[in-house]
Amino acid sequence: MSEHKGIFVFSDKQDLALEILGGAREIADKLHTELSTVLIGHNVQDRADEMIKCGADKVYCVDKPALERFQAEAYLGVLLELVTSYKPETVLIGSTRNGKPLAARLATLLETGCVPDCTKLSLDEQQRLVGERMTYGGNATAKLTFKTRPQIATVPPRAFENPEPRERHGQLVKLDLKVRDPRTETVETRPTQASNVRIEEAEVIISCGRGLEKKEDKILLEELATPLCGQVGCSRPLAEDRKWFSEWVGLSGHKVKPKLYIACGISGVIQHAAGIRDAKVIVAINKDPEAPIFEIADYGVVGNLYEVLPALTEAIKRQRH
Ligand SMILES: Cc1cc2nc3c(=O)[nH]c(=O)nc-3n(C[C@H](O)[C@H](O)[C@H](O)COP(=O)(O)OP(=O)(O)OC[C@H]3O[C@@H](n4cnc5c(N)ncnc54)[C@H](O)[C@@H]3O)c2cc1C
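Here the structure is a predicted model, which means the values were calculated and not measured. (Residues numbered from 1 in each chain as written. Predicted model: local features only at pLDDT ≥ 70, side-chain atom pairs only at ≥ 80, totals over all residues. Heavy atoms only, no water.)

Caption draft 1: Structural context of the pairing of strand β13 (residues 260-264). Within β13, four of the five residues are buried, which leaves it mostly tucked inside the rest of the structure. With five bridges joining them, β13 and strand β14 (residues 281-286) adopt parallel strand pairing. Bridging from a neighbouring strand, Leu 260 pairs with Val 281 of β14. (Buried < 20%, exposed > 50% of the residue type's maximum accessible area, 1.4 Å probe, protein only. Helix = DSSP H or I, 4+ residues; strand = E, 2+ residues; numbered from the N terminus. Pairing = 2+ DSSP bridges.)

Caption draft 2: Spatial organisation of the state of the cysteines. Per the counting criterion, the structure on display carries zero disulfides. Left without a disulfide partner, Cys 61 is nearest to the cysteine sulfur of Cys 54, which lies 16 Å away. As a non-bridged cysteine, Cys 208 has Cys 234 as the owner of its nearest cysteine sulfur, 5.9 Å distant. For Cys 208, a relative accessible area of 0% translates into the label buried. (Disulfide = S-S within 2.5 Å.)

Caption draft 3: Up close: helix α5 (residues 218-225). Along α5, the positions that sit buried rather than exposed are Lys 218, Leu 220, Leu 221, Leu 224 and Ala 225. Angular distribution of buried residues about the axis of α5 spans 160 degrees; they occupy a single face of the element. On its buried side, α5 packs onto β11 (204-208), β12 (231-234), β13 and α9 (305-320). (Arc of directions from axis to C-beta. Contact = heavy atoms within 4.5 Å.)

Caption draft 4: Representation of the sheet that holds strand β15 (residues 299-302) within the structure. Sheet architecture is open: five strands sit in the order β12-β11-β13-β14-β15, paired in parallel fashion. The open sheet has two edge strands with one neighbour each: β12 and β15. Each strand axis lies, on average, 20 degrees off the axis of its neighbour in the sheet, ignoring direction. Examined bridge by bridge, β11 and β13 share five bridges and lie parallel to one another. Directly across from Ile 206, in β13, lies its bridge partner Ile 262. Running at roughly 165 degrees to β11, α5 makes contact with β11, β12 and β13 of the sheet. Against the sheet, α9 makes contact with β13, β14 and β15, and its axis sits at roughly 135 degrees relative to β14, the strand it touches most. (Axes fitted to C-alpha atoms, helices over the stretch in contact; angles between N-to-C directions.)

Caption draft 5: Broad picture of the pattern of salt bridges. Within the structure shown, the criterion is met by 15 salt bridges. The shortest N-O distance in the salt bridge between Glu 73 and Arg 183 comes to 3.4 Å. With Glu 73 in helix α3 (residues 72-86) and Arg 183 in the loop between β10 (171-174) and β11, this residue pair connects regions lying 110 residues apart in the sequence. Using a relative accessible area of 13% as the deciding quantity, one classes Glu 73 as buried. For Lys 100, the salt bridge is made with Asp 117, and the minimal N-O distance between the two is 3.1 Å. With Lys 100 in helix α4 (residues 99-110) and Asp 117 in the loop between β5 (114-115) and β6 (120-123), this pair connects stretches of sequence that are 17 residues apart. For Lys 100, a relative accessible area of 36% puts it in the partly exposed group. Linked by salt bridges that have partners in common, Arg 25, Asp 29, Asp 57 and Arg 168 make up one network. (Salt bridge = Lys/Arg side-chain N within 4 Å of Asp/Glu carboxyl O.)

Purely spatial values, then, with no claim about function.
Given below as structure tokens:
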């Protein structure tokens, strides 16, 4: 029998750690095993309570000034020491910009497997973890399982619902580990212009694609987003090629789950469609009736976004008054 037992959860983003704890709780209950979370940082101990309320049985807390900011080598050293000492069977890490390379490096050091970006987690008949992830450019879903222990998987935001916090007992374990001296130094950090609400959490998203002619025309989307309390998003070329946005929606960008997604001047090819699969209602505005976006849209408007958007905004504002 394997000496590995229990599930560890870590994310450098507290909200994501809580979401993963909610999903991992169900798996831990099925396996009758312990669910622990790793809290790394400085002055972070007070987060332990909500982690316990969201499902953790144990919170391993390593709290030091040297860990105030995410630093790959220092955080990796802490995780490696904990995983080596406590031998969890499964390690779930938040799929953030920091979390993904951290998981890959941890797996390499432990000579074990790592499945990135699992949108679903389950157990097979041998009680092994099964991670589901999109593959072939979003055309297929792959189910992967593990031959080695620990089983390491990364989990993106909104793969699991936000758990409802409830009163439950848990244990806070404070650890005084030696932190590795980092070989790199943060010289400067600058805030990006991204909005402070995560697009994954938006209930309404108005997104634009290459049909938008000028950067200033974003105002048309913002004017519609305001009365709907929504956020503005975009397809990849508007962020990566034109640099009008810092982030995009899709396979290589954010996977979103809004109640309403309005795609304006977006062709809707598979790489974009893969990011909006979980949207409840998709509305497409496109002047090409053959655009692939109409195949996945619940409502379609064949027309020029420069005419349709202002008319839609006007109609919504009128209805609100
Ligand atoms: C590995 C890989 C990963 C990728 N990941 C992503 C990803 O995560 N997200 C993503 O979005 N893309 C991604 N792409 C790029 C993707 O393949 C497409 O190139 C991109 O989604 C197209 O963006 P678009 O729909 O804005 O532009 P286009 O395909 O050029 O479509 C523009 C659309 O606007 C319509 N239009 C033009 N003018 C108007 C108007 N005035 N009114 C109404 N409609 C109008 C046109 O009919 C057309 O359908 C990826 C590509 C690769 C290779």
